[in-house]
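Here are the chains, one letter per residue:
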Amino acid sequence: MEPYEEPPLHDHRDDPRVLRERAKPPPRERKPVCTLHHPRILCLHGGGTNALIFKAQMARLTKKLSPHFRLVFANAPFESPPISPLLAKVYNEQEFGSYRRWLRFKEEHPDVDAADAVRQIDASLKEAIDKDNAEGADGELVGVLGFSQGGKLAASLLYRQQIWEEKGLELPLGLKFNFAVTMAGREPVIALGPKEIYAPNVLPDAGEISSHGGVAVSVVQKLKLPTLHVHGLLDEGLPLHQGLLDNWCEKSSASVMSWYGDHRVPLKSQDIETLAWEIKEVARRGGVKVPKHNDGEYVCGLRLVPVSEFKGKQGFADQWVGDGEDNENIKDTGDGNNTRDAGAGA
C-alpha cells in the first residue's frame, strides 16, 4: 500500500473569485436621513409605557418613513405602573424612565378632574412639540399616531378638532391635524373639553375609565377627517378596536390595515412595508404632499383590504402576512409588553 500523501494546498490568492471580491469597493456608509424639515407626526404611546419605549418599538417604522416624515414622541402626564412584568424587565425604569399613562384604565388609578386631565394632556403634547422645535425641527405638524391608549387619544384629538371647528371654537394650542393613525385603539372616543361642546353627542370625559366599554355614549356625528386603523387579528381587544372604526368613523374617510399579530406594534418587514404605505396613503387623503406610489393597489404582493371587506371578517389574515411568526428582538415587541394584555391603555 502506497503511503498517503496530503494533497497540495490551493493558493486562494490567485483564485478569480477571491480577486473579484477583493476588487469590490467597500460598502458605502449610509448617512441618516435629515428629517428636520419634514412634515411631522405626533406619536402617542400606550398606557403603562412611555415615549422612549415607544420610540424604541417604532424604530423600524420610523426609519421606513424617514424619507417623508419626522416622528415626534410625546410623554403622557400621569405616572403608572408598568403594563406588565415583562415590560419592566425589558425596558427597565433606570434606562428608559418612569412608566406613564394618558388616561385612567384601572380602578386603582387616582381620580382626576376631567378638565385638569385635559390640561395636562395638552401640556404634554406641547412639551414634546416645543422640545422638537428646539432641536431645529420646523416641519408642519400634519398627523397624530397612537398605539392602544395612545390610539384612542389620537382619534379623540381628531374628533375634538372636527367638532370644535364646526362650532367655530379655537383649538387648544392651535393643534390641527390632517389625519390620524390609531393602532389597536379602542372605542369610545373621549371628550377633550366640556361635554356640552360635543352635544348632541354623548361621550365619556377624560377622567372616566372607558377602556373596557360599558359607558354611556351616543354618536350623532361621526369622524369625517381621514383615519387609518391598524388591527392585530389575534388581539383580544379587536372587537373594541373595530368598534372605534365602525361606530365612530365615516367609512368614506377611514381605511384599515389588519395584520396577523396580537396587542403590540408590528415588527416584521412585510408588515412595516405595508403600514408605511398605508400611512402615506392616509396622509395624501388628508392633503399632505407625499410622492405617489407606483405599485398600484398591491404592496409586496399583499392585497390592501378596504373597510367594506374588513367589517365582520376575521379569517383573511393569510392575504396579508406570512406565517405570523414573531422572531424579532424582544425589545421591539409589544405596546409595552409581549402578551395579549387587554389593558395596555384604553
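Above this text sits the structure in question.
Within each chain, residue numbers correspond to sequence positions counted from 1 in written order. Reporting in this predicted model follows two pLDDT cut-offs: at least 70 for local features of residues, and 80 or more for side-chain atom pairs to be given and counted; totals over whole chains, interfaces and linings ignore these cut-offs and use all residues. Calculation of side-chain values draws on the structure's entire complement of heavy atoms; hydrogens and water are dropped beforehand.

Asks: Outline the overall build of the chain, supporting the account with residue identities and numerical values.
Replies: Scanning the chain from N- to C-terminus turns up 11 helices and 10 strands. Partly exposed describes any residue whose relative accessible area lies between the buried limit of under 20% and the exposed limit of over 50%, with all areas from a 1.4 Å probe on protein chains only and scaled to the type maximum. For the chain, with 346 residues in total, the buried portion stands at 53%. A sequence separation of at least 24 residues applies to 77% of the contacts in the chain between residues at least 6 apart. As displayed, the chain offers around 16,900 Å² of accessible surface, 51% of which is attributable to carbon and sulfur atoms. Strands are runs of DSSP state E lasting at least 2 residues, helices are runs of H or I lasting at least 4, and numbering of each runs from the N terminus. For this analysis, residues touch if any pair of their heavy atoms sits within 4.5 Å. Surface accessibility in these figures is a Shrake-Rupley result with a 1.4 Å probe; residues are shielded only by whichever protein chains are displayed.

Asks: Which residues make up the pairing of strand β8 (residues 254-259), and what values go with them?
Replies: Of all the six residues making up β8, six are buried; the element is thus mostly covered by neighbouring parts of the structure. Across the two faces of β8 the burial is the same, with Ala 254, Val 256 and Ser 258 and Ser 255, Met 257 and Trp 259 all buried. DSSP bridges decide pairing: two strands pair if at least two such bridges lie between them. With six bridges connecting them, strand β7 (residues 227-232) and β8 associate as parallel partners. Opposite Gly 232, over in β8, you have Trp 259 as the bridge partner. For the handedness criterion, the strands are oriented away from the viewer, and a crossover whose path from the first strand over the helix to the second runs clockwise is classed as right-handed. Handedness of the β-α-β unit built from β7, helix α9 (residues 238-248) and β8 comes out right-handed.

Asks: Help me get a handle on empty space enclosed by the protein, residues and values and all.
Replies: The method works on a 1 Å grid over the protein atoms by themselves. A cavity is a set of points holding a 1.4 Å probe that cannot get out, a pocket is an open set with protein on both sides within 12 Å along at least five of seven lines, and residues with an atom within 4 Å of a point line them. Grid points are joined across faces, edges and corners, and a volume is the space filled by probe spheres set on the points. All told, the structure shown has three cavities of 30 Å³ or more when counted by the stated rule. The wall of the largest cavity is formed by Phe 147, Met 183, Ala 184, Val 230, Gly 232, Asp 235, Trp 259, Asp 262, His 263, Arg 264 and Pro 266. Here the lining of the largest cavity is composed, by residue class, of six nonpolar, two polar and three charged. Classification convention: Asp, Glu, Lys, Arg as charged; Ala, Val, Leu, Ile, Met, Phe, Trp, Tyr, Cys, Pro as nonpolar; all other residues, Gly among them, as polar.

Asks: Tell me about helix α7 (residues 149-166), residues and numbers included.
Replies: By this rule the span expected of a helix is its residue count minus one, scaled by 1.5 Å. For α7, built from 18 residues, the straight-helix expectation of 26 Å at 1.5 Å per residue is met to within 8% by its first-to-last C-alpha distance of 26 Å. Directly beyond the C-terminal end of α7, a positive phi value near 70° is found at Gly 168.

Asks: Which residues make up the layout of surface pockets, and what are the values?
Replies: Its boundaries defined by the atoms lining it, the largest pocket holds a volume of some 870 Å³. In terms of lining, the largest pocket is formed by 28 residues, of which the most central are Lys 55, Arg 70, Leu 71, Val 72 and Phe 73. Elements represented by at least two residues in the lining of the largest pocket include exactly α2 (51-57), α3 (59-65), β2 (70-74) and α6 (114-134). Class assignment for the residues of the lining of the largest pocket results in 13 nonpolar, five polar and 10 charged.

Asks: Which residues make up the packing of aromatic side chains, and what values do they have?
Replies: The relation between two aromatic rings is expressed through the spacing of the ring centres and the mutual angle of the planes. Only Phe, Tyr and Trp rings take part, Trp by its six-membered ring, and two of them pair if their centres are within 6.5 Å. Stacked means planes under 30 degrees apart, edge-to-face means over 60, and tilted covers everything else. Under the criterion given, the structure shown has four aromatic pairs. Both rings, one in Tyr 91 and one in Phe 96, keep their centres 5.0 Å apart while their planes meet at 80°; by these two values the pair is edge-to-face. What makes Tyr 91 buried here is its relative accessible area of 1%. A residue is classified by how much of its surface remains accessible, and Phe 96, at 11% relative accessible area, is buried.

Asks: Can you break down the nonpolar core residue by residue, with the values?
Replies: Residues enter a nonpolar core if they are buried and are Ala, Val, Leu, Ile, Met, Phe, Trp, Tyr or Cys, with the set joined through side-chain atoms within 4.5 Å. Grouped together as the largest cluster of nonpolar side chains are 43 residues, with contacts concentrated most on Leu 42, Leu 44, Trp 102 and Tyr 198. When contributions to this core are tallied by element, the ones reaching two or more residues are β1 (40-44), β2, α6, β5 (141-147), α7, α8 (195-198), α9 and β8. Broken down by element, the residue count for this core peaks at eight residues, all from α7. Residues contacting Tyr 198, with those up to four places away along its chain left out, are Tyr 159, Arg 160, Ile 163, Trp 164, Lys 167, Ile 190, Ala 191, Leu 192, Gly 193, Leu 203 and Gln 221. In terms of nonpolar packing, the next biggest core, distinct from the first, is built from 30 residues, Phe 69, Leu 71, Val 142 and Val 288 among them.

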